[in-house]
Amino acid sequence: MCFTSVSGLNTHELLPIPFTRSAQRHTIERVRALQDALPVPLLLENITYYAELGAAEMPESAFVAGVLEGADCGWLLDVSNVYVNSLNFGFDPRAWISGMPLDRVRQIHVGGYEKFGEVTIDTHGAPISDPVIELLRWTLAKLGRRVPVLLERDHHLQELQALLLERGKLQEAYEEAFARPALEDSHA
């Protein structure tokens, strides 16, 4: 859920849509039109962002939830993006996820991030951190149903054995999420 061009010029960046009612209505209209044109269901993904564009009229969570509900579409929940945004903007990622329409989640993504000074950047080039793995486990337990999880790695690819070990950690978290009851707001 972003934009990449301004006045016909491509920025080559995923820029956050302003969190305003007008932008929310515009996004819903665009998503509905796209869904009407596509022969397959559409999933929207939450992005990382590093500054809000303009004066926000609502928090990101209300913007995203409103678009998902208003456009009646599925959600590709990027747990790592929620975590990175929580580090950059100082919110509780579990509270953020708890307030979202989780019935719309069709797939989950996780990827690595790196810290650059005071800013955490979603790089997809580092191993998945333990806090993201725990947030994934907690999110899956909260969903109460199995959905596909994709490990995103765009660069700094490790040897196959290292990637398989990382995949194994994610599989273990996945199975643990369904082996114990969902914990509403516990950080255990």
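No experiment lies behind these values; they were computed from the predicted model shown.

Rules used throughout
- Residues numbered from 1 in each chain as written.
- Predicted model: local features only at pLDDT ≥ 70, side-chain atom pairs only at ≥ 80, totals over all residues.
- Heavy atoms only, no water.
- Helix = DSSP H or I, 4+ residues; strand = E, 2+ residues; numbered from the N terminus.
- Rg over C-alpha atoms; globule rule 2.2 N^0.38 Å.
- Buried < 20%, exposed > 50% of the residue type's maximum accessible area, 1.4 Å probe, protein only.
- Contact = heavy atoms within 4.5 Å.
- Areas by Shrake-Rupley, 256 points an atom, 1.4 Å probe, with all protein chains shown as cover.
- Lys, Arg positive; Asp, Glu negative; His and termini not counted.
- Charge placed at Lys NZ, Arg CZ, Asp CG, Glu CD.
- Core = buried A, V, L, I, M, F, W, Y, C linked by side-chain atoms within 4.5 Å.
- Polar contact = N/O pair within 3.5 Å; in protein donor to acceptor, adjacent residues only side chain to side chain.
- Pairing = 2+ DSSP bridges.
- Axes fitted to C-alpha atoms, helices over the stretch in contact; angles between N-to-C directions.

### Thoughts on the overall build of the chain
Then step 1. Tallying secondary structure elements over the chain gives six helices and eight strands in all.
Then step 2. Reading the helices (α) and strands (β) of the chain from amino to carboxyl end gives β-β-α-β-α-β-α-α-β-β-β-α-β-α.
Then step 3. In summary, the chain has a C-alpha radius of gyration of 17 Å against a globular reference of 16 Å for 188 residues, a match within 12%.
Then step 4. A buried classification covers 43% of the 188 residues belonging to the chain.
Then step 5. Long-range contacts, defined as pairs at least 24 residues apart, comprise 78% of the intrachain contacts of the chain with a sequence gap of at least 6.
Then step 6. As presented, the chain carries roughly 10,000 Å² of accessible surface, and 56% of it is formed by carbon and sulfur atoms.
Then step 7. Charge-centre separation for the chain: the mean point of 16 positive side chains lies 5 Å from the mean point of 26 negative side chains.

### What about the nonpolar core?
Then step 1. Within the largest apolar cluster, 45 residues are counted, with the highest numbers of intra-cluster contacts made by M1, L44, F63, W75, V105, I108 and L140.
Then step 2. Looking at this core, the elements that each hand over two or more residues are helix 1 (21-37), helix 2 (60-71), strand 4 (74-78), helix 3 (79-89), helix 4 (93-98), strand 5 (105-111), helix 5 (130-143) and helix 6 (160-179).
Then step 3. Sort the elements by how many residues they give to this core and helix 5 lands first, with eight residues.
Then step 4. Not counting chain neighbours up to four residues away, the residues in contact with V105 comprise W75, L77, L143, R145 and V147.

### Digging into helix 3
Then step 1. The element helix 3 is largely enclosed, with a buried count of eight among its eleven residues.
Then step 2. Within helix 3 the residues assigned to the buried category are V79, S80, N81, V82, Y83, V84, N85 and S86.
Then step 3. Of the residues that open helix 3, the one with a side-chain oxygen 3.1 Å from the backbone nitrogen of S80 is D78.
Then step 4. Of the residues flanking the end of helix 3, it is G90, one or two places downstream, whose phi is positive at about 70°.

### Examining the environment of I17
Then step 1. Within the fold, I17 resides in the loop between strand 2 (9-16) and helix 1.
Then step 2. According to the relative accessible area criterion, I17 is buried, its value standing at 13%.
Then step 3. Setting aside residues up to four positions removed in sequence, I17 forms contacts with M1, C2, F3, A23, T27 and F63.

### Re the side chain of S86
Then step 1. As for its position among the elements, S86 is in helix 3.
Then step 2. By relative accessible area, S86 is classed as buried at 6%.
Then step 3. Polar side-chain contacts of S86 include one of 2.6 Å to the backbone oxygen of Y83.
Then step 4. Ignoring anything within four residues of it in the chain, the contact list for S86 reads F91 and P93.

### Here's the deal with the pairing of strand 7 (residues 119-122)
Side chains on a regular strand alternate between the two faces of the sheet.
Then step 1. Residues T120 and D122 line the buried face of strand 7, whereas the alternating positions V119 and I121 sit on a face that is not buried.
Then step 2. Across four bridges, the pairing between strand 6 (residues 113-116) and strand 7 is antiparallel. Counted as the bridge partner of K115 is T120 from strand 7.
Then step 3. Counted between consecutive antiparallel strands, the loop separating strand 6 from strand 7 contains two residues, among which G117 sits at a positive phi close to 65°.

### Observations concerning the sheet that holds strand 4
Then step 1. Here we have four strands laid out as an open sheet, ordered 3-4-5-8, and parallel in their pairing. The open sheet has two edge strands with one neighbour each: strand 3 (43-45) and strand 8 (149-152). Averaged over all neighbouring strand pairs, the angle between strand axes comes to 25°, with direction disregarded.
Then step 2. Bridging between strand 5 and strand 8 involves four bridges; their strand directions are parallel. Note on strand 8: the bridge partner recorded for H109 is L150.

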